[in-house]
Amino acid sequence: MSEVRIAVEQRTEFGKGAARRTRRAGKIPAVLYGHGSDPKHLSLPSVEFARAIRENGHNAVLTLDVSGGDSELALTKTITTHPIKNYIEHVDLLLIKRGEKVTVAVPVVLTGEAGPGGLVSQEITEVEIEAEALHIPEQLELSIAGAEIGTQLHASDIQLPAGVTLQADPEALVVNVSEAAASMAEEAAEATEGGTAEEA
């Protein structure tokens, strides 16, 4: 995951009214915290931050050039979006250091095609891992190639990159391959036809 540099400003006004004014100015209210330091209230440029998230995922690592201060390295921790209008309302940022390991949730992407007649259900779409802050994988892949009906894949079946450890329950069910409804309907139809023929 690449590191993104963003120029940010310190906020001196707080509350809902101040947050609305910040958003009207094309910026996003944010708080930077961690390592026992006092929280810093910042405003992020909306366009640049949205691009960073789009290109690097929700675990984007940012180098924050704080106006009137030093640069800080931060991990995007929580993004709050408006439930209806879908714009970013607020961001929580976690202060990190180079070489530090962090625990984050990463998306699980399925690859390959299951065997014939199988219906694939992905029970969970992300798992928690621990990784070095500047080497967080954007996603983890889990192959279902040729998976037969009855196959169950768990978090422990996900192949992790070097230096990454699983923090989620290893037995957490990620994928369940069951019989497709169409196949079940065909079998029922065949059984009914067979029964009718025998009766005749």
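Keep in mind that this is a model prediction, so the values were computed, not measured. By convention here, each chain's residues receive numbers from 1 onward along its written sequence. In view of the model being predicted, local features appear only for residues whose pLDDT reaches at least 70, and side-chain atom pairs are presented and counted only at 80 or more, with totals across whole chains, interfaces and linings using the full set of residues. Side-chain measures here rest on the full set of heavy atoms in the structure, leaving out hydrogens and waters.

A. View of the sheet that holds strand β12 (residues 165-166). In this scheme, strands are said to pair when DSSP sees at least two bridges between them. Elements are defined by DSSP. Helices are runs of H or I of four residues or more, strands are runs of E of two residues or more, and each kind is numbered from the N terminus. Spatially, four strands are ordered β10-β7-β9-β12 in an open sheet, and the strand pairing comes out mixed. Each edge of the sheet is formed by a strand with only one pairing partner; in this case those strands are β10 (140-143) and β12. Pairing of strand β7 (residues 101-111) with β10, which is carried by four bridges, proceeds in the parallel orientation. From the neighbouring strand, T111 faces β10, where its bridge partner is S143.

B. Quick look at the environment of A18. In this fold, A18 is placed in helix α1 (residues 16-24). Along the chain, A18 and P29 lie eleven residues apart, while their C-alpha atoms are 9.0 Å from each other.

C. Layout of the pattern of salt bridges. Salt bridges are defined by distance alone: a side-chain nitrogen of Lys or Arg within 4 Å of a carboxyl oxygen of Asp or Glu. Summed over the entire model, instances satisfying the criterion amount to three salt bridges. A salt bridge links K27 to E9; the nearest nitrogen and oxygen atoms lie 4.0 Å apart. Here K27, found in strand β2 (residues 27-34), pairs with E9, found in strand β1 (residues 3-10); they are 18 residues apart in sequence, far enough to count as distant. Its relative accessible area of 39% is what places E9 among the partly exposed residues. The salt bridge partner of E72 is K40, with a shortest N-O separation of 2.7 Å. Here E72, found in strand β5 (residues 71-81), pairs with K40, found in strand β3 (residues 37-45); they are 32 residues apart in sequence, far enough to count as distant. Whether a residue is buried, partly exposed or exposed follows from its accessible area with a 1.4 Å probe, protein chains only, as a fraction of its type maximum: under 20%, in between, or over 50%, in that order. Take E72: its relative accessible area is 18%, and that puts it in the buried class.

D. Looking closely at the side chain of E72. One polar contact links E72 to K40, side chain to side chain, over a distance of 2.7 Å. What makes two residues a contact is simply this: any of their non-hydrogen atoms within 4.5 Å. Apart from residues lying up to four places away in sequence, E72 is in contact with L32, K40, L62, T63, L64, V66 and L95. Think of a polar contact as two N or O atoms within 3.5 Å of one another; within protein, one of them needs to be a possible hydrogen donor and the other a possible acceptor, and neighboring residues in sequence only count if both atoms come from side chains.

E. View of the pairing of strand β13 (residues 173-179). Bridging between strand β8 (residues 118-122) and β13 involves five bridges; their strand directions are antiparallel. Bridging from a neighbouring strand, V120 pairs with V177 of β13. The pairing of strand β11 (residues 152-154) with β13 spans three bridges and is antiparallel. In the sheet register, Q152 faces β13, and the bridge partner there is N176.

F. Looking closely at α1. Among the residues of α1, those classed as buried are A18, A19 and T22. Summarising the axial view, the buried residues of α1 lie within an arc of 100 degrees, below the 170-degree limit, and thus occupy one face. Seen from the buried face of α1, the exposed residues on the opposite side, beyond 90 degrees, are K16 and R24. Against the buried residues of α1 lie β2 and β3. G26 sits one or two positions beyond α1 and adopts a positive phi of about 80 degrees. Regarding the arc, it is the one traced by the directions from the helix axis to the C-beta atoms.

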